[in-house]
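# Notes for the structure review
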Amino acid sequence: MTSTTTGTASRQEAVLAALAAGVLGPAYDPAVPGRMLEILGRTASRRDRDRLLRVLAALDSRAGALALTGRPAPMSGRPAAAAEAAVRRWAEGRLPQRRLADALAPVALLAAYAWPGPARDATGYPGPLGPAPDVPRRLAPLRPDGDEELACDVVVVGSGAGGGVVAAELARAGLDVVVLEKGGYAAERDFSHQEGDAYRDLYLYALTLTTDDLACRILAGSTLGGGTVVNYTTSFATPPAVLAEWAAVSGVDAFVSGEVAASLEAVAGRLGVTEDESRPGVRDQLMERGLERLGWHAAPLPRNVRGCAQDAGCGWCGFGCRLGAKQSTLVTYLEEAAAAGARLVVGADARRVLVEPSGGGQRAGRATGVEALADGGHRLVVRASAVVAAAGAIETPALLLRSGLGGQVGRNLRLHPGTAAMGVFAEPVRFWEGTLQARYSAELRRRLGPYAPMFETAPVHPGTAAAALPWRSAADHRALMERSANLSLVGVLCRDAGAGRVLVDRDGSPRVHWRLDPADEARMAAGLAAAGQVLAAAGAGEVFSLQRRRPAFRPGAPAAHQAWAEATRRAGFGGGRAALFSYHQMGSCRIGADPASSAVGPDHASHEVDRLYVADSSLFPTASGVNPMLSVMALAHRAAGQLTARLG
């Protein structure tokens, strides 16, 4: 590193230190600015990262500080109170200033609360419950340490719900398979359950990926086993009504012929999907109590677990299941694939599909392999007779776009945007504890139709809580975090009808363009209002939303809920007005008979390139409306059958 680079980083860290002190107040920790720089270094878009770093440099100049804060004093020299005032003005200001607050404040909060330190210690959060078990790793994936070239029958990009299943099925059929995983390999002994480290090691772009307006944070797995390692084990079969809708939209008869249903049954059986291991923790008990008092639907969640402890420690299984009870592809399909001879490669970022130009015909060429960037900048080339893209609904379209495909690739993206109503309870809840997800409610869907939200809970650890809870001032946010052991939630999982798009920047990084559709926003408002009723019925002393203004009410006051529901509706949810999260991305390489409205055909093959297939959530014709893991696995199971028939 040159002295100039070192000096620039030092100045950036000094500005971040001043801003973090303003955002955090007494919760400030000297380790925070360095962590902030590390987090920013993991963002998907180099363009956005460089733009933000330029803003930091400007803030440390007299002219830049004057333009951005109204005062010519460089930010690095300002006291915490002055920095806090600047961030508050940004948060309450016009769109460019709000975006600056939205870009920096959550990073400071995550950097403070997701690791041990004074901020986290004040929440009552205990950190990991003991050390990881001393058990052997059961897989031995390859990690290239130099330029390398491999050859196989099929190369599969991605190892999660789609890639893991398709790899195992193809390997069992006798095909030579190579699986490329962008992330690393972590097994039970490696799951530290340290929140910040888990986001860095197990999640796509270390949890920094958002829509391009910063309005919705996108969570996806990036480790061997993909999202199945970090998801919440919820295993809904695709509802029959959704399968019928998918058949109508796509023109693919397999959705209603029984073919996909047979695949759903096959993968559910392999994963041991059951409702018998869904003992609710306190937050699920509270949601269930509220639902029952209102006379609303509540039911156990089906889960892919075998021998789950269903205890307090299960709340950490979003950072990997130490018991191996979660039936991720890591402990099921990938083990079977490896046993059948498949080669698993980690730390391999697939950059493009190798395409041999066609001499004519409908397709532009034929896929002949994949070029990947391995750890250390090494080049990995895998030559193959066929390529399966199964990297998820963000990375699969990005890969295909970098490879020169167009048409419908990247379009029709759905995110299942979620928000939550929060309740403050007299008794401790410790909403980071307990079975990951054990109860759900389809009450609104039964009343309002198939695109109405569902209710679920999820474990909430301090880093995520800090970034999600509205920041109005350092003292206000700190006081809220100090009450976090008494908070609970009812999550509002929306089935979005509006569509977004995955694009790529000049350097090939994915960019997610998505806006909350007005009809989806209205349904989200109805869902939040109803979630507030559930918390009030459960006994919450105060209920509030995750909107920027944080509207709240105290149950029992006349017309309090009605006034709150109207206030939350008026406050709005799009454009950064509320904390939104996407745990499920889908639809960006839609399957269908018509190339004008789909990216791949009924046989999972690309409309544009021969021998290129897709087998992940990007296939969905519309949003699934339920947690999508089982749907993804079923489509991957079907895709493997299609490939085996063609290649076997």
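Residues numbered from 1 in each chain as written. Predicted model: local features only at pLDDT ≥ 70, side-chain atom pairs only at ≥ 80, totals over all residues. Heavy atoms only, no water.

## What about the sheet that holds strand β16 (residues 500-504)?
The following threshold applies: Two strands are said to pair when DSSP picks up at least two bridges between them. Secondary structure is summarised from DSSP: a helix means a run of H or I of at least four residues, a strand means a run of E of at least two, and numbering begins at the N terminus for each. Axes here mean lines fitted to C-alpha atoms, for a helix over just the part in contact, with angles spanning 0 to 180 degrees between N-to-C directions. We call two residues in contact whenever any of their non-hydrogen atoms come within 4.5 Å of each other.
If you walk across this open sheet you meet the three strands as β11-β16-β17, and the pairing is antiparallel. The sheet terminates laterally at β11 (411-413) and β17 (510-513), the two strands that pair on one side only. Between one strand axis and the next, the sheet turns by 45° as a mean value, whatever way the strands run. Note that β16 and β17 share four bridges and pair antiparallel. Its bridge partner lying in β17, Leu-503 is registered against Arg-511. In the packing of helix α16 (residues 392-402) onto the sheet, contacts are made with β11, β16 and β17, and the angle to β16 comes to roughly 50°.

## Structural notes on the nonpolar core
Short version of the rule: Here the nonpolar core consists of buried residues drawn from Ala, Val, Leu, Ile, Met, Phe, Trp, Tyr and Cys, with membership extended through side-chain atoms lying within 4.5 Å. A simple rule labels every residue: compare its accessible area, found with a 1.4 Å probe on the protein chains alone, to the largest value its type can have, and call it buried under 20%, exposed over 50%, or partly exposed in between.
Residues Leu-180, Leu-400 and Phe-455 are the most contacted members of the largest nonpolar core, which totals 200 residues. At 12 residues, the largest contribution of residues to this core is made by helix α6 (residues 95-113). Leave out the neighbours within four places in its chain, and Leu-400 touches Val-353, Ala-389, Leu-405, Val-409, Cys-589, Leu-612 and Val-614. Counting residues in each nonpolar core, the second largest holds nine residues, with Val-305, Cys-308, Cys-321 and Ala-325 among its members.

## Comments concerning unusual backbone geometry
The backbone of Leu-214 sits at a positive phi, close to 70°, despite the residue not being glycine. One can find Leu-214 in the loop between α9 (195-202) and β3 (216-218). Residue classification places Leu-214 among the partly exposed residues on the basis of a relative accessible area of 30%. One non-glycine residue with positive phi stands out, namely Arg-611, at about 65°. The residue Arg-611 is located in the loop between β21 (609-610) and β22 (612-614) in this model.

## Structural notes on the packing of aromatic side chains
Inclusion rule: Centres within 6.5 Å are what make two rings of Phe, Tyr or Trp a pair, Trp counting through its six-membered ring; a difference in plane orientation under 30 degrees is then read as stacked, over 60 as edge-to-face, and the rest as tilted.
Evaluation of the coordinates by the stated rule reveals 10 aromatic pairs. Note on Phe-553 and Trp-564: the rings are 5.1 Å apart at their centroids and 45° apart in plane angle, and the pair reads as tilted. On the criterion of sequence distance, the pair formed by Phe-553 in strand β19 (residues 552-553) and Trp-564 in helix α21 (residues 560-571) is long-range, its members being 11 residues apart. Exposure remark for Trp-564: the relative accessible area of 2% places this residue in the buried category. An aromatic cluster is built from Tyr-125, Trp-316, Phe-431 and Trp-432, whose rings are joined through pairwise contacts.

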